[in-house]
Amino acid sequence: MKSKILKLTCTAFILFFGFQTLQAQQSDVASNETSNYYQTELPNSNSNSLEIKETLLEEGKYVDSSKGNEVIVEIKDGYYTEYHVNNEYIKAKIEWSAENKYTLEIIDINKDNLPFEVGTKMDTEIVKIKGTRIYYESNLEGLTWSGKFRKI
């Protein structure tokens, strides 16, 4: 008899707390649906792009040592410029899609033997920051590679 009462009490206890949990979850969902938690429109609906104010690469100069030689990179006023030896360079417009992701669209090239041209787009994601080193992964028309920057 005690066993039956204990089982009945435990079952009632589990059902009660299960019902309370379900009710609390439904209440949370209902309150999220009525709040502005999920934003459906961008603040500036006239613009097709989202302005990212905080990025992991600040404006300034960096050394990119990912291609076997050191290349100076400058990020300034929404542009990314690589300076190579012999006065060669690649200049691109930088568009941030998140604080750690950006797309470069090449707007000017003065460098020989490159498999791309003005208008080519490259996607990059910053994957890790360790000390003064910024590690990234890039994708250019299906070609992927990793590299690192150091701020100078």
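What counts, and where the lines are drawn
- Residues numbered from 1 in each chain as written.
- Predicted model: local features only at pLDDT ≥ 70, side-chain atom pairs only at ≥ 80, totals over all residues.
- Heavy atoms only, no water.
- Helix = DSSP H or I, 4+ residues; strand = E, 2+ residues; numbered from the N terminus.
- Buried < 20%, exposed > 50% of the residue type's maximum accessible area, 1.4 Å probe, protein only.
- Core = buried A, V, L, I, M, F, W, Y, C linked by side-chain atoms within 4.5 Å.
- Contact = heavy atoms within 4.5 Å.
- Pairing = 2+ DSSP bridges.
- Axes fitted to C-alpha atoms, helices over the stretch in contact; angles between N-to-C directions.
- Salt bridge = Lys/Arg side-chain N within 4 Å of Asp/Glu carboxyl O.

On to unusual backbone geometry, then. One non-glycine residue, Asn86, lies in the positive phi region at around 60 degrees. Mapped onto the elements of the fold, Asn86 is located in the loop between β3 (79–83) and β4 (89–98). The class of Asn86 is exposed, set by a relative accessible area of 68%.

Moving on: the nonpolar core. Core analysis: the largest hydrophobic core is formed by 19 residues, its most contacted members being Leu57, Tyr62, Tyr80, Tyr102, Leu104 and Phe149. Considering every element that reaches this core, the biggest residue donor is β4, with four residues. Ignoring anything within four residues of it in the chain, the contact list for Tyr80 reads Asp64, Val73, Glu74, Ile75, Ile90, Lys91, Ala92, Ile94, Tyr102, Leu104 and Phe149.

With that settled, the discussion passes to the sheet that holds strand β2 (residues 71–76). Pairing in this closed barrel of eight strands is antiparallel, and the strands run β1-β2-β3-β4-β5-β6-β7-β8 around the ring. Strand-to-strand twist across the sheet, computed as the mean angle between neighbouring axes with direction ignored, equals 35 degrees. As paired strands, strand β7 (residues 133–140) and strand β8 (residues 143–151) are joined by eight bridges and run antiparallel to one another. Residue pairing for β8: Ile134 is matched across the bridge by Phe149.

Relative to the helices and strands, Thr81 is located in strand β3. Using a relative accessible area of 8% as the deciding quantity, one classes Thr81 as buried.

To continue, consider the pattern of salt bridges. Evaluation of the coordinates by the stated rule reveals three salt bridges. Residues Glu58 and Lys151 are paired through a salt bridge, measuring 3.8 Å at the closest nitrogen-oxygen approach. Of the two residues, Glu58 is situated in the loop between α1 (2–34) and β1 (60–64) and Lys151 in strand β8; the sequence distance between them amounts to 93 residues. Among the salt bridges present, the one from Lys111 reaches Glu88, with a minimum N-O distance of 3.5 Å.

This part covers the environment of Lys121. Within the secondary structure layout, Lys121 lies in strand β6 (residues 121–130). For Lys121, a relative accessible area of 49% translates into the label partly exposed. With 17 residues separating them along the chain, Lys121 and Leu104 place their C-alpha atoms 5.5 Å apart. The residues touching Lys121, leaving out its near neighbours within four places in the chain, are Thr103, Leu104, Glu105 and Leu140.

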